[in-house]
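The chain contents come next:
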Amino acid sequence: MSGTTARRASREFDASEFIDSPEMVAAYLDEAMADGDPKVLLSALRDILRSRVFSEIATAAGVSRESLHRTLANGRDARLSTLASVLRVIGCRLAVAPVKGARQNRGRAKRKAVDKKRA
């Protein structure tokens, strides 16, 4: 071997290359939703849709390709009905789970409301 070191070209990480099963899709979306930032969820959906035929998903979800692109653009609010349709097409659904420690917060809020009524 010579004294030179061979360099490999690097490329940007693309999550869509690794989202290859329904379980991976669900886990990826679950983590994105756990973040709590809608922009993170929309970004994750974009990654998933890049791994598939975008126009076919849009059609099956009942929205135009352009509308779906706009919906998933950073900084845009997506309609719940659009998100639910897209998730259904890719084999997922929205779900709700309790946040750790939420029960305590609910109890405090309830006590404050009762105290306020008594005052």
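Look a little higher up for the structure.
If you're wondering where the values come from, they're calculated on a predicted model, not measured in any experiment.

**So, a nonpolar patch on the surface**
So, step 1. Together, Met33, Leu80 and Leu94 make up an exposed nonpolar region whose accessible area comes to about 260 Å².
So, step 2. Mapped onto the secondary structure, Met33 falls in helix 1 (residues 22-35).
So, step 3. When its relative accessible area of 35% is taken as the criterion, Met33 is described as partly exposed.

**A few points about helix 2 (residues 38-50)**
So, step 1. Compared with an ideal rise of 1.5 Å per residue, which puts 13 residues at 18 Å, helix 2 spans 18 Å between its outermost C-alpha atoms and is within 8% of the ideal.
So, step 2. Of the residues making up helix 2, those classed as buried are Leu41, Leu42, Ala44, Leu45, Asp47, Ile48 and Leu49.
So, step 3. Looking at the buried side of helix 2, the elements it contacts are helix 1, helix 3 (54-61), helix 4 (65-72) and helix 5 (80-89).
So, step 4. Here helix 2 starts with a cap whose side-chain oxygen sits 2.9 Å from the backbone nitrogen of Lys39, and that cap is Asp37.

**Looking at the environment of Asp35**
So, step 1. Relative to the helices and strands, Asp35 resides in helix 1.
So, step 2. According to the relative accessible area criterion, Asp35 is partly exposed, its value standing at 48%.
So, step 3. A distance of 3.3 Å separates the side chain of Asp35 from the backbone nitrogen of Asp37, its partner in a polar contact.

**Here we look at the packing of aromatic side chains**
So, step 1. One pass over the full model with this rule turns up one aromatic pair.
So, step 2. Pairing Phe13 with Phe18 gives two aromatic rings, centres 5.5 Å apart and planes at 10°, and the pair type is stacked.
So, step 3. By relative accessible area, Phe18 is classed as partly exposed at 46%.

Criteria and cut-off values
Residues numbered from 1 in each chain as written. Predicted model: local features only at pLDDT ≥ 70, side-chain atom pairs only at ≥ 80, totals over all residues. Heavy atoms only, no water. Patch = residues over 30% accessible without salt bridge, like charges linked within 9 Å, V, L, I, M, F, W, Y side chains within 5 Å. Areas by Shrake-Rupley, 256 points an atom, 1.4 Å probe, with all protein chains shown as cover. Salt bridge = Lys/Arg side-chain N within 4 Å of Asp/Glu carboxyl O. Helix = DSSP H or I, 4+ residues; strand = E, 2+ residues; numbered from the N terminus. Buried < 20%, exposed > 50% of the residue type's maximum accessible area, 1.4 Å probe, protein only. Expected span 1.5 Å × (residues − 1). Contact = heavy atoms within 4.5 Å. Polar contact = N/O pair within 3.5 Å; in protein donor to acceptor, adjacent residues only side chain to side chain. Phe/Tyr/Trp six-rings, centres within 6.5 Å; stacked < 30°, edge-to-face > 60°.

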